[in-house]
Amino acid sequence: MRKNRFLIFFMIAFLFNVAASFAHPVTPTLIVERNLDSSMFGVALAAMMTMYFLFSPLWGKLCSYMPTKKIMLICCSGYAAGQIIFGMAQSEAVVVAGRMFAGIFTGGCFVSMANYIVNLCGEDTSSRGTNLVYLTTIQNVGSAIGYFIGGMLGLISVETAFILQVICLALSGFLCNLLCEDDTPYKVRPDHALQLKDVNPFSAILGARSFMTPMLALIFMITAISAIGQNSYEQCFNYYIKDQYGMSSAYNGMFKAGIATLTLLLNGTVALYLQQKTDTNKTFLYILIACTVLTSTVLFDPSRYVFIAVYIIYSSVQVLRLPLLQMLASARSDKTNSNAVMGFYTSMNSFGGIFGALFAGLIYARGAKLPFILAFVTYLISTLLGVVYRRNYRKS
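Because the structure is a prediction, the values reported are computed rather than measured.

Here is what the cut-offs are and how they apply
Residues numbered from 1 in each chain as written. Predicted model: local features only at pLDDT ≥ 70, side-chain atom pairs only at ≥ 80, totals over all residues. Heavy atoms only, no water. Helix = DSSP H or I, 4+ residues; strand = E, 2+ residues; numbered from the N terminus. Buried < 20%, exposed > 50% of the residue type's maximum accessible area, 1.4 Å probe, protein only. Contact = heavy atoms within 4.5 Å. Areas by Shrake-Rupley, 256 points an atom, 1.4 Å probe, with all protein chains shown as cover. Lys, Arg positive; Asp, Glu negative; His and termini not counted. Charge placed at Lys NZ, Arg CZ, Asp CG, Glu CD. Phe/Tyr/Trp six-rings, centres within 6.5 Å; stacked < 30°, edge-to-face > 60°. Core = buried A, V, L, I, M, F, W, Y, C linked by side-chain atoms within 4.5 Å. Axes fitted to C-alpha atoms, helices over the stretch in contact; angles between N-to-C directions. Parallel < 35°, antiparallel > 145°, perpendicular 65-115°, else oblique. Left-handed = near helix turned anticlockwise from the far one by under 90°. Nonpolar A, V, L, I, M, F, W, Y, C, P; charged D, E, K, R; others polar. Salt bridge = Lys/Arg side-chain N within 4 Å of Asp/Glu carboxyl O. 1 Å grid on protein atoms, 1.4 Å probe; cavity = no way out; pocket = protein on both sides within 12 Å on 5 of 7 lines; lining within 4 Å. Points joined across faces, edges and corners; volume = space filled by probe spheres on them. Patch = residues over 30% accessible without salt bridge, like charges linked within 9 Å, V, L, I, M, F, W, Y side chains within 5 Å.

**Q** I would appreciate a short explanation of the overall build of the protein in the present structure.
**A** Looking only at helices and strands, the protein has 15 helices and zero strands in total. For the C-alpha atoms alone, the extent of the protein along its principal axes is close to 55 × 45 × 40 Å. Burial statistics for the protein: of 396 residues in total, 61% are counted as buried. Contacts in the protein between residues at least 24 apart in sequence constitute 87% of all its contacts with a sequence separation of at least 6. Only carbon and sulfur atoms are counted for the fraction: they give 66% of the accessible area of the protein, which is about 15600 Å². The distance from the centre of the 27 positive side-chain charges to the centre of the 16 negative ones in the protein is 7 Å.

Below is the structure:
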């Protein structure tokens, strides 16, 4: 029965992640068609990620009080409403407002999905690790397929992509609440009622002091700094190929289809091997090194085709980073704080995304390759922190 429950959950998670990416490939077109400032491709995402960062710990805390499937229903509905505002925007202010509103709920979607697995797997760390890899694979393959579909929908119109996205996001929340298992019996409910201070996003962030350790702090630092590189590279590439190469949203979609295929292959082989056959406290460093090497190619001013090929390979490899860091954080939590740890992990991922997207948008005008150089530098710093973590792990 448990396997069937996870199967249904993974199918819904796939639908959600496909839908969540419908708008990404058409966002550059929206900016150009509506005569918005070019920095909006980064600033708008940074606005969303700021709210994502502030509210992810809150959603993590709420997962201890409410069934996660209820949180998915609330957050998918809120995300859909935010995308309605974004899709109708005719000015920079409305774009930012729509993205901020969506960001309040986006973090809750990802926090609740991770917590659903952590709670149902309980003390079975092997099953937890395997299913977190499956979830990350679904998220990234679904996202890549969503890019492809969104790019094709963009050939019809920007509005078409947004309309279908809103419908599918709302449907994901409804199906999760209807079909997924209530995880309440599998988690420890707090011994006090939810208080006003608990719904303060800053209070939830400060509450991390109750479970923070030096090793967890290193994991969260690596997560946040590498997320700067990921978002700087990703968001700039989408706009870069439109601005510099004149490629339509369909090309972005086709690149993502290639990434989806390679991601599925790597997650089904390399990721599972690392998770099941190696000590991930050591081997996660190899993935950071690979990302650093791949992003460094921009320093050598590659041709268009090499630039695109490296992007496809890099995008597939960097996906391996996410479940490994998530597993490291999860392994250093227990039943009493696992929901809060997962919420803080998601918050750190979005914290890095804020600066990655914002810096990419702001420095692009000074040099189209600068965001890619920023990605290389941040991955290099993450790798050095990874060396420190591995050294401390060996000592302990």
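**Q** I would appreciate a short explanation of the packing of aromatic side chains in the present structure.
**A** For any pair of aromatic rings, geometry is given as the distance between the ring centres together with the angle between the planes. Counted according to the given criterion, the structure contains 26 aromatic pairs. Centre to centre, the rings of phenylalanine 6 and phenylalanine 10 are 5.9 Å apart; their planes meet at 20°, and the pair counts as stacked. Residue phenylalanine 6 and its partner phenylalanine 10 are both found in helix H1 (residues 2-20); the two are separated by four residues, about one turn of the helix. Measuring from ring centre to ring centre gives 6.2 Å for phenylalanine 10 and tyrosine 134, while their planes differ by 90°; the resulting arrangement is edge-to-face. Separated by 124 residues along the polypeptide, phenylalanine 10 in helix H1 and tyrosine 134 in helix H6 (residues 125-156) bring together distant segments of the chain.

**Q** Looking at this model, I keep getting lost on the environment of leucine 384. Mind explaining?
**A** Within the fold, leucine 384 resides in helix H15 (residues 370-395). Judged by its relative accessible area of 52%, leucine 384 falls in the exposed class. C-alpha of leucine 384 to C-alpha of isoleucine 117: the two residues are 267 residues apart in sequence and 31 Å apart in space.

**Q** What is the right way to look at the nonpolar core in this model?
**A** Proteins that are soluble and globular tend to have nonpolar side chains buried together. With 123 residues, the main nonpolar core has Phe9 and Phe220 as its most contacted residues. Discounting chain neighbours no more than four positions away, the residues touching phenylalanine 9 are Met113, Tyr116, Ile117, Leu135 and Cys180.

**Q** Just checking my understanding: could you explain the packing of helix H11 (residues 280-295) against helix H13 (residues 321-331) for this structure?
**A** Packed helices, taken two at a time, are described by the angle their axes make and the gap between the axes. Look at H11 against H13: their axes get within 10 Å of each other, and the N-to-C directions meet at 150°. It follows from the interaxial angle that H11 and H13 lie roughly antiparallel. Where H11 crosses over H13, the handedness of that crossing is left-handed. Only Arg321, Leu324, Leu325, Met327 and Leu328 of H13 make contact with H11, whose side of the interface consists of Thr280, Asn281, Phe284, Ile287 and Leu288. Tallied by class, the residues present in the contact of H11 with H13 amount to seven nonpolar, two polar and one charged.

**Q** Can you walk me through the pattern of salt bridges in this structure?
**A** A pair can form between side chains of opposite charge whenever their charged atoms are brought close. Within this structure, the stated rule accounts for two salt bridges. A salt bridge links arginine 34 to glutamate 159, with the nearest nitrogen and oxygen atoms 2.8 Å apart. Placement of the pair is arginine 34 in the loop between helix H2 (27-33) and helix H3 (40-62) and glutamate 159 in helix H7 (residues 158-179), with a sequence separation of 125 residues. Judged by its relative accessible area of 11%, arginine 34 falls in the buried class. Across the salt bridge formed by aspartate 301 and lysine 369, the nearest N and O atoms sit 3.3 Å from each other.

**Q** Help me understand empty space enclosed by the protein, please; the structure alone is not making it clear to me.
**A** To locate leftover empty space, one rolls a probe as large as a water molecule over the atoms. Applying the stated rule across the entire model yields three cavities of 30 Å³ or more. The volume enclosed by the largest cavity comes to roughly 920 Å³. What lines the largest cavity is a set of 39 residues, among which Phe110, Asn140, Ser143, Gln230 and Leu322 lie closest to the centre. Among the elements that line the lining of the largest cavity, the one with the most residues is H6, at seven residues. Taken together, the residues of the lining of the largest cavity break down into 18 nonpolar, 18 polar and three charged. The computed volume of the second largest cavity comes to approximately 130 Å³.

**Q** Can you help me understand the side chain of glutamine 83 in this one?
**A** Along the chain, the position of glutamine 83 falls in helix H4 (residues 68-88). When neighbours within four sequence positions are excluded, glutamine 83 is seen to be in contact with Ala23, Arg99, Ala102, Phe162, Gln165, Val166 and Leu169.

**Q** Before we go on, may I ask you to explain a nonpolar patch on the surface in this structure?
**A** Residues Leu299, Phe300, Leu370, Ile373, Val377 and Ile381 make up a contiguous nonpolar surface patch of about 510 Å² in total accessible area. Structurally, valine 377 can be placed in helix H15. On the basis of relative accessibility, which here comes to 36%, the residue valine 377 falls in the partly exposed class.

**Q** Just to check I follow, could you spell out the environment of glycine 129 for this structure?
**A** Counting through the fold element by element, glycine 129 comes out in helix H6. Along the chain, glycine 129 and glutamine 326 lie 197 residues apart, while their C-alpha atoms are 8.9 Å from each other. Not counting residues up to four positions away in its chain, the partners in contact with glycine 129 are Gln275 and Met327.

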